[in-house]
Amino acid sequence: MPTSRPFAYNPGSQISGTLKFGSLAVGTPTSGVTGNPRWFNGPDEELGYVIAQSVSANTQTVPDGSNASIGFFRSTALTENAFISIAQVVAGNQTFASGNAAYTWLTGNSYWASWVPYSAGVFKTTYSGYFNDNVGFFATATPASIGGNPATSVQTTSIFEPAQDDGENFSCQWLGYFKPTTSETYTFYTSSDDASYVWIGNNAVSGFTTGNPTVNNGGLHGTIEKSGTATLVAGTYYPLRIQFGELSGGDVMTFSYSTPTITKTTNVTGLVFYNSTTNGF
Ligand SMILES: [Ca+2]
Ligand SMILES: [Ca+2]
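Bear in mind that the values here come from a model prediction, so they are computed numbers and not experimental data. (Residues numbered from 1 in each chain as written. Chains lettered and ligands numbered in written order. Predicted model: local features only at pLDDT ≥ 70, side-chain atom pairs only at ≥ 80, totals over all residues.)

Asks: Lay out the overall build of the chain with the relevant residues and their values.
Replies: Helix and strand counts for the chain come out as two helices and 21 strands. For 281 residues, the compact-globule estimate of 2.2 N^0.38 gives 19 Å, and the C-alpha radius of gyration of the chain, at 21 Å, lies within 12% of that figure. Dimensions of the chain, computed from C-alpha atoms along their principal axes, come out at roughly 65 × 40 × 30 Å. Split into buried and exposed, the 281 residues of the chain put 37% on the buried side. For the chain, the proportion of contacts with a sequence separation of at least 24, taken over those separated by at least 6, is 66%. (Helix = DSSP H or I, 4+ residues; strand = E, 2+ residues; numbered from the N terminus. Rg over C-alpha atoms; globule rule 2.2 N^0.38 Å. Buried ≥ 20, exposed ≤ 12 C-beta atoms within 10 Å, placed from the backbone. Contact = placed C-beta atoms within 7 Å.)

Asks: Account for the nonpolar core, naming residues and giving values.
Replies: The biggest cluster of nonpolar side chains holds 59 residues, and the ones touching the most others in it are L24, A113 and Y177. By residue number, the principal contributor to this core is strand β14 (residues 170–178), which donates five residues. Residues contacting Y177, with those up to four places away along its chain left out, are Y118, Y237, Y238, P239, L240, V272, F273 and Y274. (Core = buried A, V, L, I, M, F, W, Y, C linked by C-beta atoms within 7 Å.)

Asks: Account for the pairing of strand β15 (residues 184–193), naming residues and giving values.
Replies: Bridge analysis of β15 against strand β18 (residues 224–232) gives nine bridges, and the strand direction is antiparallel. In the strand pairing of β18, F188 is matched with G228. Bridging between β15 and strand β20 (residues 252–258) involves seven bridges; their strand directions are antiparallel. If you follow D193 over to β20, its bridge partner there is V252. (Pairing = 2+ DSSP bridges.)

Asks: So what's going on with the environment of Q164? Residues and values would help.
Replies: Locating Q164 in the fold gives a position in the loop between β13 (160–161) and β14. Judged by the 11 C-beta atoms lying within 10 Å of it, Q164 is exposed. Taking the C-alpha atoms as reference points, Q164 and K179, 15 residues apart in sequence, are found 29 Å from one another.

Asks: Go over the sheet that holds strand β5 (residues 50–54), please, and point to the residues and values.
Replies: Spatially, β8-β5-β9 is the arrangement adopted by the three strands of the open sheet, whose pairing is antiparallel. One side of each edge strand has no neighbouring strand; the edge strands of this open sheet are β8 (70–74) and β9 (112–113). In the sheet, β5 pairs with β9 via two bridges, with the strands oriented antiparallel. Among the inter-strand pairings, I51 is bridged to a residue of β9, identified as A113.

Asks: Outline the sheet that holds β15, listing residues and values.
Replies: Strand order across the open sheet formed by four strands is β13-β20-β15-β18, with antiparallel pairing between neighbours. Lying at the two open borders of the sheet, with one neighbouring strand each, are β13 and β18.

Asks: Go over the packing of helix α1 (residues 80–90) against helix α2 (residues 99–108), please, and point to the residues and values.
Replies: Running from N to C, α1 and α2 point in directions that differ by 35 degrees, and their axes come no closer than 9 Å. Along this stretch, α1 crosses α2, giving a crossing that reads as left-handed. Contact residues: α1 offers E80, F83, I84, A87 and V90, while α2 offers G99, A102 and L106. A class-by-class count of the residues in the contact of α1 with α2 yields six nonpolar, one polar and one charged. (Axes fitted to C-alpha atoms, helices over the stretch in contact; angles between N-to-C directions. Left-handed = near helix turned anticlockwise from the far one by under 90°. Nonpolar A, V, L, I, M, F, W, Y, C, P; charged D, E, K, R; others polar.)

Asks: A description of unusual backbone geometry should follow, citing residues and the corresponding values.
Replies: Residue D194 is reached from D193 by a cis peptide bond, and omega for that bond is 10 degrees. Unlike most non-glycine residues, S110 shows phi in positive territory, near 70 degrees. Since 13 C-beta atoms lie within 10 Å of it, S110 is described here as partly exposed. One non-glycine residue, D133, lies in positive phi territory at about 60 degrees. Mapped onto the elements, D133 comes out in the loop between β11 (122–128) and β12 (152–155).

The structure is reproduced here in structure tokens:
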């Protein structure tokens, strides 16, 4: 996710290259926007969930002392409860049972929110061709059903490429979020043949390279397990990207995790989510 993004008051038709929510224009994903209408950077989304609203009559005071027609709210933490708390204030002290329920109300009432409509599971796409440790491969590769790998699928209980030989020269990418149940250091593992990588956190969305993965299990090899760690906060949705590829011979990818209080397991039930609008983040 971007750390902040540009907003403008736009009661007119949608501005090319932006999203329109009620009378708000929202720049996407991170690029600054210049020219008319006047654009404002929203609050840093790494620090909390952001809600933006249009303010009629140009009465929202902004830091330079002028007035604007946009106002922002930001939750105190990147957790579901913190988002619900601020959404309930914005909605006039309504009670929301979940972040998704709050998001539905907000977007239905012309607010923009950085909350994602989370659905259970991670979204897996399988592609023709071996990515060969080129993390940009997936952006232009062609989805295909290969062996036991559907072209697209959602994995909710474990994240894997089947241990059987599913063919040659293909790659898989998984996109979504990992929401830990505990605040501690998580160790993530992939056991793969051939290369695999895991990114947890904002690098998973943009800026991911073979130099900054949480788990680096790159290169051509038979089944090898590699691991890496990340210090996580309970209840936070961390962006998750996993890449894997098979050149020839055996093929498998198994994802697992452990912590000082959780025995190593492949079971991610209830811990992984994806945005079903984008099939990713
Ligand atoms: Ca194979
Ligand atoms: Ca292989």
